[in-house]
Amino acid sequence: MDKELIINKTEAYVRNELEGEPSGHDWWHIHRVTEVTKRIANKEKGDLFLCTMAALLHDIADEKLNESEEAGLEKVREWLISQEVDEASMEIILEIISTISFKGGHGPTLTRLEAKIVQDADRLDAIGAIGIARCFVYSGAKGRPMYDPNDAPREQMTKEEYRSNTGAAINHFYEKLLKLKELMNTKTGKEMAQARHEYMAGFLEQFYAEWDGKK
Ligand code: ADP
Ligand code: NI
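Residues numbered from 1 in each chain as written. Chains lettered and ligands numbered in written order. Predicted model: local features only at pLDDT ≥ 70, side-chain atom pairs only at ≥ 80, totals over all residues. Heavy atoms only, no water.

In the nomenclature of an unreviewed UniProt entry, the chain corresponds to HD domain-containing protein from the organism Evansella alkalicola.

As structure tokens, then:
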């Protein structure tokens, strides 16, 4: 099994599949997640081939882009078979991909180091400067406002209020982005998340100050 060749071909395959993908899972998201995955894998001594392959393929199986999660995983399996990836590696890559998605924070507890690494890398791409940018791009694409000062943080809303909520971009920070730091698996992931988290907290502080004309 020529691992380098398989990685290169997988990269080209994913790039072709996800180029210009509009739901926040475009090729450049995959590229960033793969780069961060490699960095964490090196530091945490995870298997580089398994981590890189899972990072490259992690959104190909996303249920938003397929009829179902099963159909998505089947697509990944077919690709891995076509690349003659050995059976054991294939099962691990599929296991990583199927276990890492966020699922509102209620996903399974990960036991495999390589799954922890790729999940950390995927979550890191939702925070920091890139995370802020992705959040506003996503909201804009949905036609939502960036901020509504009449919104209470969602945790404090009643069900009624939650339903009628405008879903302004800033709410997403409280729903998800500011929580991700605590959900990191690896030491390296935690360190990277800390810096990105502080950057977001600083951004929010500046945002509110500017909103109120105080800065
Ligand atoms: P994942 O890559 O974990 O599957 P999602 O599909 O939930 O992520 O989101 C893709 C990107 O869009 C992320 O950067 C995420 O923070 C952002 N996003 C998701 N939901 C919202 C929302 N309601 N408001 C603003 N941004 C969002
Ligand atoms: Ni992703």
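Student: Before we go on, may I ask you to explain the nonpolar core in this structure?
Tutor: By size, the foremost hydrophobic cluster in this structure holds 55 residues, and its most contacted members are Val14, Leu57, Leu80 and Ile93. In terms of residue count, the dominant contributor to this core is helix H3 (residues 48-57) (8 residues). The contact partners of Leu80, leaving out residues within four places of it in the chain, are Met53, Leu57, Val85, Met90, Ile93 and Leu94. (Core = buried A, V, L, I, M, F, W, Y, C linked by side-chain atoms within 4.5 Å. Buried < 20%, exposed > 50% of the residue type's maximum accessible area, 1.4 Å probe, protein only. Helix = DSSP H or I, 4+ residues; strand = E, 2+ residues; numbered from the N terminus. Contact = heavy atoms within 4.5 Å.)

Student: So what exactly am I meant to see when it comes to the coordination of the nickel ion (ligand 2) here?
Tutor: Ideal donor angles around a metal are set by the shape: a four-donor tetrahedron calls for 109.5 degrees, a six-donor octahedron for 90 or 180 degrees. In this structure, His29 (NE2), His58 (NE2), Asp59 (OD) and Asp122 (OD) serve as the protein donors to the nickel ion (ligand 2), at separations of 2.1 to 2.7 Å. Written as a sequence motif, the donor arrangement for the nickel ion (ligand 2) is H-x28-H-D-x62-D. One end of the pair, Asp59, is in the loop between H3 and helix H4 (69-82); the other, Asp122, is in helix H6 (residues 113-124), with 63 residues separating them in the sequence. Considered together, Asp59 and Asp122 belong to a single accessibility category, that of buried residues. (Donors = N, O, S within 2.8 Å, 3.2 Å for Na, K, Ca; no water.)

Student: So what exactly am I meant to see when it comes to the packing of aromatic side chains here?
Tutor: Two aromatic rings, taken as a pair, are described by how far apart their centres are and by the angle between their planes. Applying the stated criterion across every chain, the model contains 11 aromatic pairs. Taken together, a centroid distance of 6.2 Å and an interplanar angle of 50° make the contact between Phe136 and Phe173 tilted. Remark: Phe173 occurs in helix H9 (residues 169-175) and Phe136 occurs in helix H7 (residues 128-141); sequence separation between them is 37 residues. Of the residues examined, Phe173 reaches a relative accessible area of 0% and is grouped as buried. Consider the rings of Phe136 and Phe203, whose centres lie 6.0 Å apart with planes at 70°: the pair is edge-to-face. With Phe136 in helix H7 and Phe203 in helix H10 (residues 187-211), this pair connects stretches of sequence that are 67 residues apart. Here a set of aromatic residues connected by ring pairs shows up, and it is made of Phe136, Tyr147, Phe173, Phe203, Phe207, Tyr208 and Trp211. (Phe/Tyr/Trp six-rings, centres within 6.5 Å; stacked < 30°, edge-to-face > 60°.)

Student: Sorry if this is basic, but what is going on with helix H5 (residues 87-100) here?
Tutor: Because each turn of an α-helix spans 3.6 residues, side chains separated by three or four positions in sequence point in the same direction. In this model, H5 (14 residues) spans 20 Å end to end at C-alpha, consistent with the 20 Å of a helix rising 1.5 Å per residue. Listing the buried residues of H5 in full gives Ser89, Met90, Ile92, Ile93, Leu94, Ile96, Ile97, Thr99 and Ile100. Capping the start of H5, Asp86 holds a side-chain oxygen 3.2 Å from the backbone nitrogen of Ala88, two or three residues further along. (Expected span 1.5 Å × (residues − 1). Polar contact = N/O pair within 3.5 Å; in protein donor to acceptor, adjacent residues only side chain to side chain.)

Student: Quick question: what am I supposed to make of unusual backbone geometry here?
Tutor: Of note in the backbone geometry, Lys45 takes a positive phi value of approximately 60° without being a glycine. Mapped onto the secondary structure, Lys45 falls in the loop between helix H2 (27-44) and H3. Using a relative accessible area of 69% as the deciding quantity, one classes Lys45 as exposed.

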